[in-house]
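Now for the letters of each chain:
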Amino acid sequence: MLALISGNAFGQLHYTSKISIGGKAGITMSKMSFTPGTKQKMLQGKTAGITMKYWEERNFGFIAEINYEQRGWKEDFEGAPYSFERHLDYIQIPILTSFFFGGNVVKGFFNAGPEVGYLIGTGYTANFDVHNIDQYPDFPGNRMTDQLWMKPSKKFDYGISGGAGIEVAIKRKNIISLEARYYFGIGNIFPDNRADTFSASRTSSIMVTLGYSYRLK
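Residues numbered from 1 in each chain as written. Predicted model: local features only at pLDDT ≥ 70, side-chain atom pairs only at ≥ 80, totals over all residues. Heavy atoms only, no water.

**So, the overall build of the protein**
Inclusion rule: Starting at the N terminus, helices and strands are each numbered in turn, a helix being any DSSP run of H or I of at least four residues and a strand any DSSP run of E of at least two. Atoms counted for the radius of gyration: C-alpha only. Globule rule: 2.2 Å times the number of residues to the power 0.38. Partly exposed residues are those whose accessible area sits between 20% and 50% of the maximum for their type, while under 20% is buried and over 50% is exposed, using a 1.4 Å probe and protein chains only. Contacts were defined at the residue level, with two residues in contact if any of their heavy atoms lie within 4.5 Å.
Helix and strand counts for the protein come out as two helices and nine strands. Relative to its length of 217 residues, the protein is extended, with a C-alpha radius of gyration of 23 Å against a globular reference of 17 Å. The C-alpha extent of the protein, read off along each of the three principal axes, is 90 × 35 × 25 Å. Here the protein, with 217 residues, has 38% of them falling under the buried criterion. Put simply, 69% of the contacts in the protein that link residues at least 6 apart link residues at least 24 apart.

Set out below in structure tokens:
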């Protein structure tokens, strides 16, 4: 009897794990956190990547991704006839904890966890010479300009991601998902020693992605 009771209890506590792989793509809206601060607008970019998800039946799992993501910022010249955009291209690897709820077909979810990245490319577009700002007498004054000509020198990035979304299962193994996610960077892109211009130069972005994954088991 004890053996039967123990076997039944173990069977009730055991949950079948599931694994899915897939891809996603979408848009980003990003800006920087500078100290001292600068006047900015959000910069739109693109993102795409591959995902792997492992989860249990009890609404809990883990997600690992490898993503390409465009970040950066757009200067706000407050009506002056100048424009500047800095583009930052990253390979990002988030490792997220996933909590989800709902039925077998439609589920809502929350994802959160750490993220690391590496800067693989950078560039800018401007309608003026960023290295000779003094030649523009009507250039807006009382603003930081070092970030216009400085090239990002710190390639390694790390931070925290969190998001929420909804997923729909089609014939059980095909999963369509829509997610909005926020990334808060902790690493700086510019030198941050006491004698440097910026003590903080951190990226942040909002990502909205549409994904497809196939359940392997």
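**Considerations on the nonpolar core**
General note: in soluble globular proteins, nonpolar side chains tend to be found buried as a group. As a reminder, the rule being used: The definition of a nonpolar core used throughout is a set of buried Ala, Val, Leu, Ile, Met, Phe, Trp, Tyr and Cys residues joined through side-chain atoms within 4.5 Å.
With 18 residues, the main nonpolar core has Trp73, Phe84, Phe128, Phe139, Leu148, Ile189 and Phe190 as its most contacted residues. Those elements that place two or more of their residues in this core are β1 (18-35) and β5 (84-102). Among the elements that line this core, the one with the most residues is β5, at three residues.

**With respect to the side chain of Thr28**
Condition: Here a polar contact is recorded for every N or O atom pair within 3.5 Å, except that within protein the pair must consist of a potential hydrogen donor and a potential acceptor, and residues adjacent in sequence are included only if both atoms are side-chain atoms.
Structurally, Thr28 is set in strand β1. Side-chain polar atoms of Thr28 contact the backbone oxygen of Gln70, separated by 2.8 Å. The contacts of Thr28, once residues within four sequence positions are left out, are Leu43, Gln44, Gly45, Lys46, Thr47, Glu69, Gln70, Ile206 and Met207.

**Brief notes about unusual backbone geometry**
Residue Pro36 is bonded to the preceding Thr35 through a cis peptide linkage, with omega at 0°. The residue Pro36 is located in the loop between β1 and β2 (40-41) in this model. Positive phi, normally seen in glycine, also occurs at Asn142, with a value near 55°. Following the sequence through the fold, Asn142 ends up in the loop between β6 (106-126) and α2 (146-149). The backbone phi angle of Arg172 is positive, close to 70°, even though this residue is not glycine.

**Describing the confidence of the model for the protein**
Defined as follows: For every residue, the predictor reports its confidence as pLDDT, a number between 0 and 100.
Chain-level pLDDT for the protein is 90 on average; 93% of the residues reach the 70-or-more range. Low pLDDT, under 50, characterises residues 1-12; the stretch is placed with zero contacts to residues that sit more than four places away or in other chains.

**Re the pairing of β1**
We count it as follows: Being paired, for any two strands, means DSSP has found at least two bridges between them.
Inspection of the sheet shows β1 paired to strand β3 (residues 43-56) by 13 bridges, in the antiparallel sense. Bridging from a neighbouring strand, Met29 pairs with Gln44 of β3. In terms of strand pairing, β1 meets strand β9 (residues 200-215) through 16 bridges, oriented antiparallel. From the neighbouring strand, Thr35 faces β9, where its bridge partner is Ala200.

**A word on the pairing of β3**
What you see with β3 is a clean split: Leu43, Gly45, Thr47, Gly49, Thr51, Lys53 and Trp55 sit on the buried side and Gln44, Lys46, Ala48, Ile50, Met52, Tyr54 and Glu56 on the side with no burial. Where β3 and strand β4 (residues 60-75) come together, 10 bridges link them in antiparallel fashion. What sits directly across from Thr51, in β4, is Glu65.

**Concerning the pattern of salt bridges**
Applicable threshold: When a carboxyl oxygen of Asp or Glu is within 4 Å of a side-chain nitrogen of Lys or Arg, the pair counts as a salt bridge.
Throughout the structure, instances matching the rule amount to 11 salt bridges. In this structure, Asp192 engages Lys154 in a salt bridge whose closest nitrogen and oxygen atoms are separated by 2.8 Å. Of this pair, Asp192 sits in the loop between β8 (174-185) and β9 while Lys154 is found in the loop between α2 and β7 (156-170), placing the two residues 38 residues apart along the sequence. Put simply, Arg181 and Glu179 hold a salt bridge, and the shortest N to O gap is 3.0 Å. Just as Arg181 is buried, Glu179 falls in that class too. Several salt bridges share partner residues, and in doing so they unite Lys24, Glu65, Glu179 and Arg181 into one network.

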